[in-house]
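Topology and contacts: notes
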Amino acid sequence: MAAKTINITLKIWRQKNSKAKGELKSYALENVSTDSSFLEMLDQLNEELLTKKEEPVAFDHDCREGICGSCSLYINGRAHGPETGTTTCQLHMRKFKDGENIYIEPWRSAAFPIIKDLIVDRSAFDRIQQVGGFISVNTSGKTMEANAIPIPKSDADKAFEAAACIGCGACVATCKNGSAMLFVGAKVSQYALLPQGKVEAKQRVQNMVRQMDEEGFGNCSNTGACEIECPKGISLENIARMNREFLFSAITSDK
Amino acid sequence: MSKLNSKIPEGPIANKWTEHKNHMKLVAPNNRPKIDVIVVGTGLAGASAAASLGEMGYNVKAFCFQDSPRRAHSIAAQGGINAAKNYQNDGDSVYRLFYDTIKGGDYRAREANVHRLAEVSGNIIDQCVAQGVPFAREYGGLLDNRSFGGTQVQRTFYAAGQTGQQLLLGAYSALSRQIGLGRVEMYNRHEMMDIVTIEGKARGIIARNLVTGEIERHAAHAVVIASGGYGNVYFLSTNAMGSNVSAAWKIHKRGAKFANPCFVQIHPTCVPVHGVNQSKLTLMSESLRNSGRIWVPKKKEDAEAIRAGQLKPTQIVEEERDYFLERRYPAFGNLVPRDVASRAAKERCDEGFGIEANDTNEGVYLDFSSEIISKGKQAAYSQGDHNPSSEKITELGKKWLAEKYGNLFKMYEKITDENPYETPMKIYPAVHYTMGGVWVDYNLQSTIPGCFVAGEANFSDHGANRLGASALMQGLADGYFVLPYTLSNYLADEIRTGKISTDMQEFLDAENSVKESIEKIISAKGSKSVDHFHKRLGLIMWNKVGMARNEKILKEAIDEIGNLRTEFYADVYVPGAADEMNSELEKAMRVADFIELGQLMAIDALERNESCGGHFREEFQDAEGETLRDDKKYKHVAAWEYQGMDVTKAILHKEELNYEFIKIADRNYK
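Quick look at the overall build of chain B now. Helix and strand counts for chain B come out as 17 helices and 19 strands. Against the compact-globule benchmark of 26 Å for 670 residues, chain B has a radius of gyration of 25 Å, which places it among compact chains. When each of the 670 residues of chain B is scored for burial, the buried share is 61%.

This is the structure in structure tokens:
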């Protein structure tokens, strides 16, 4: 591909560590190939900073295929940038114009403290998962023959769509309340839709919602921004399903 | 010097694992809490091992360099996982999966290990379904299957093009459960820097906290390394940016032998390179070869016109297309194994038929137009329309493709800005998986007692070439169904050992040597970035230790990498300090290990005077360009012993491979 190149100005949040005060710093970057991904553009900036013996910009990234959920970044006021259904690593520079100012900030949420520059701590998601995001089966491999319980294709497909969440945190970052309901709703839904998950459904939703609240995530006010910004298109239906599960578990609780 | 003892149990192949399990030592439940185990890496092998061992009652500490165990690179596997369930009633069996894997590996894998893998494959699917992994299903509610390369049955289970993600999240959920129960202590954003051995046994690790830079000591009665493969030695590969060889290389430096490092899998279907700033390559799942046909133009002029942008692939008529895999391998066609498909694509591009307008003109087409028509017709018929219009056929065909491969097609479009429903995908081979790795015996124990190695990090099951949908199978087999037995067998002798103190001299020494190696790199204060060296290493590896190798270029590579190592330590620039978050330092430590490994790969490739699987030596091919194995001289595992940073001094040990149950034969896919 004969690539075009563009010149851009970056305004990037720099913060030495969790305790330091941060600020937006400006960097001019020239000759950026429009075939480069957004993170390759940041690589290019970092290479230039290193040549000048300046400290490179720290950001989380790993698979660069849109599936590991490592990358984050608030780009021009939107989680994962201007393209819907796309993680930052899958965003390409052809979506930006020559001469454009691009603002890059970390996820902003009380439950995701900043570690350095654009890197935040998302371990709250892990802790929510640890109190209920599983089915309590041991790993003997002899639990049950895989085809013993037929599952309607539509249920399996819906469970899969919920399970496609990559845990990146865009939903939290984009929500004005800093709510994690889309993330938790997706996990609750995956299991609630499958017969294997029904056994523990009541405890699961209770425990996960309790942990979510303890981590300091906000409430859902049905704005729907999370669904729009979710790179994997996780549906708001999952929040509705979680609310139903939660209500049902509260009124029918064995405790 | 220790002799390599593979510890393969006696007896008929189908009974070996069962008999072995029946006679292994156990650790009683009341003794397990007295025993500590460290697991490094949380991909399929590491997460499943940590979850299983925690659940058994051992005290487990698990480490990953990512910010969460859920992000390990197993997550990116797309296509599927094999299991000999024979749900499709097409003649599959444990024996056939065993046979296909041995043959697919070009007769360079250990029979007993591979048979065990095939035996437990069914349990993996049972386990994952019980955990709530949402595999694809048919309308009757039962599990669906598809085909993969190198087989003639449908045994691959999948979840759209995100099978690795769903399996890893399944293992992560099991691991999370154990963390929640306090059975596993999780260390995110930690990197293993060295292993600590006491009286020859693995007794712990030195880790670096990647947030604070603090160097930590962790003791245990056994250490499991499940840190993945080393494809990033090529700089450009389908691996994640952080994937590295360091944990495996550190144990190699402390006495674990490293086996068959030159066996690397180059995957045929990846998105071609776009330019100099390329940071990684993206795979398009092998499952696409079920539906796509691979071709280049028959005429060189057409290829040139395409590269010049004067001709579109859709303008080239059927008769002018060379479906080169179907032409050369009629029996398996587009579903030949990965090494065969990759070489065939390279052959066409080397001859000038490549269609991609990048520096090297390297690219071929993967075309879905035939499948759109065939599946569109089927769909119309099933709706009762026996005389569908061509528009309707195309519409329904595209819908079918979207359901099967939607996420892959979207991903392709994002990267290339081209719509693969309308125009064929452009693909080219890229480094994807490494069959080589730490040498382990049948129990997955390395040559350091108490140090076990699982998943892609070990060398064991795939020989010289891995078949598609087998890596996920091996990772979970090792972690869920092999290590819990073999590790317990080892730990049974440790119940009287008691807590291991991190105050021991060996821990202090290891910590000091880690600090020295960090200091050496950070104080170099040279003029070039870590990526500068990594990219140069990658180019040497790709051009000289890549898809086609020969004596001359391998010798050049060995020298060039040696020089690169000297230059690296003299001239690398790492900013910042060691006692803070420092991603350049992390990269530098990894690249230092890649440089040593790269040299060993070239040495291993030079030593192996034959072509087999992914290892293609130009001197050893037949008239049609197929690989020529030499079973008399090279039917062995090459296991290297470290002798210092000058890797040319490494000592070669051989484990002879015996084929008692499968007749060794030419590997023919014609």
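Now for the domain arrangement of chain B. As a measure of interface size, the accessible area lost when the parts come together is often cited. Residues and elements named next belong to chain B. Splitting chain B by domain gives domain 1 (270-430) and domain 2 (509-635). The C-alpha-based centres of domain 1 and domain 2 are spaced at 33 Å. Taken together, the six residues of domain 1 in the interface contact six residues of domain 2. Sort the elements by how many residues they give to the side of domain 1 that touches domain 2 and helix α9 (residues 338-350) lands first, with five residues. Considered class by class, the residues forming the side of domain 1 that touches domain 2 number one nonpolar, one polar and four charged.

Residue and element names in this part refer to chain B. The geometry of helix α14 (residues 530-544) relative to helix α15 (residues 551-571) is characterised by a closest axis approach of 10 Å and an angle of 170° between their N-to-C directions. Taken together, the axes of α14 and α15 are roughly antiparallel relative to one another. Only I553, L554, E556, A557, E560, I561, L564 and F568 of α15 make contact with α14, whose side of the interface consists of F533, R536, L537, I540 and K544. A class-by-class count of the residues in the contact of α14 with α15 yields nine nonpolar, no polar and four charged.

This next bit is on the interface of chain A and chain B. Facing 70 residues of chain A, the contacting portion of chain B comprises 70 residues. Only α1 (38-51), β6 (114-116), α2 (123-130), α3 (153-163), α5 (181-192) and α6 (195-198) of chain A provide two or more residues apiece to the side of chain A that touches chain B. Per-element tally for the side of chain A that touches chain B: the top contributor is α1 of chain A, with six residues. Its residues assigned to classes, the side of chain A that touches chain B shows 28 nonpolar, 25 polar and 17 charged.

For the rest of this paragraph, the subject is the environment of K25 of chain A. Inspection of the secondary structure assignment puts K25 of chain A in strand β2 (residues 23-33). Counting along the chain gives 89 residues from K25 of chain A to I114 of chain A, while the straight-line C-alpha distance between them is 17 Å.

Residue and element names in this part refer to chain B. Extensive coverage of helix α3 (residues 94-104) is indicated by the burial of eight of its eleven residues. Residues of α3 that are buried sit in contact with β3 (81-82) and α4 (111-130). With its phi angle positive at about 55°, D106 sits one or two positions after the end of α3.

On to the pairing of strand β7 (residues 201-209) of chain B, then. All names here are of chain B. With seven of nine residues buried, β7 lies mostly within the body of the structure. Alignment of strand β6 (residues 190-198) against β7, held across eight bridges, turns out to be antiparallel. The partner of D194 across the bridge, within β7, is I206. Counting the residues between successive antiparallel strands, the hairpin from β6 to β7 contains two residues, one of them, E199, with a positive phi of roughly 50°. Bridge count for β7 against strand β8 (residues 215-219) is five bridges, and the pairing is antiparallel. Residue pairing for β8: G204 is matched across the bridge by A219. Joining the antiparallel neighbours β7 and β8 is a turn of five residues, in which G213 adopts a positive phi near 80°.

Turning to the sheet that holds strand β17 (residues 451-453) of chain B, a few remarks are in order. Residues and elements named next belong to chain B. Spatial ordering of the open sheet is given by β5-β2-β1-β9-β17, a layout of five strands whose pairing is parallel. Pairing within the sheet leaves two strands with one partner each, and these edge strands are β5 (184-187) and β17. Averaged over all adjacent pairs, the angle separating strand axes in this sheet is 20°, with direction ignored. Of the pairings in the sheet, the one linking strand β9 (residues 222-225) to β17 comprises three bridges and is parallel in character. Note that in β17 the partner of V223 across the bridge is C451.

Before going further, it helps to examine the domain arrangement of chain A. All names here are of chain A. Split by domain assignment, chain A resolves into domain 1 (5-105) and domain 2 (124-252). One C-alpha centre belongs to domain 1, the other to domain 2; they are set 31 Å apart. Contacts between domain 1 and domain 2 engage 13 residues on the former and eleven residues on the latter.

Attention now goes to the sheet that holds β7 of chain B. Residues and elements named next belong to chain B. With antiparallel pairing, the three strands of this open sheet are ordered in space as β6-β7-β8. The two strands at the open ends of the sheet, each matched to only one other strand, are β6 and β8. Taking each pair of neighbouring strands and ignoring which way they run, the sheet shows an average axis angle of 25°. The strands that helix α13 (residues 505-522) touches are β6, β7 and β8; relative to β6, the one it contacts most, it runs at about 140°.

Conventions we followed
Residues numbered from 1 in each chain as written. Chains lettered and ligands numbered in written order. Predicted model: local features only at pLDDT ≥ 70, side-chain atom pairs only at ≥ 80, totals over all residues. Helix = DSSP H or I, 4+ residues; strand = E, 2+ residues; numbered from the N terminus. Rg over C-alpha atoms; globule rule 2.2 N^0.38 Å. Buried ≥ 20, exposed ≤ 12 C-beta atoms within 10 Å, placed from the backbone. Domains from an automatic or database assignment. Contact = placed C-beta atoms within 7 Å. Nonpolar A, V, L, I, M, F, W, Y, C, P; charged D, E, K, R; others polar. Axes fitted to C-alpha atoms, helices over the stretch in contact; angles between N-to-C directions. Parallel < 35°, antiparallel > 145°, perpendicular 65-115°, else oblique. Pairing = 2+ DSSP bridges.

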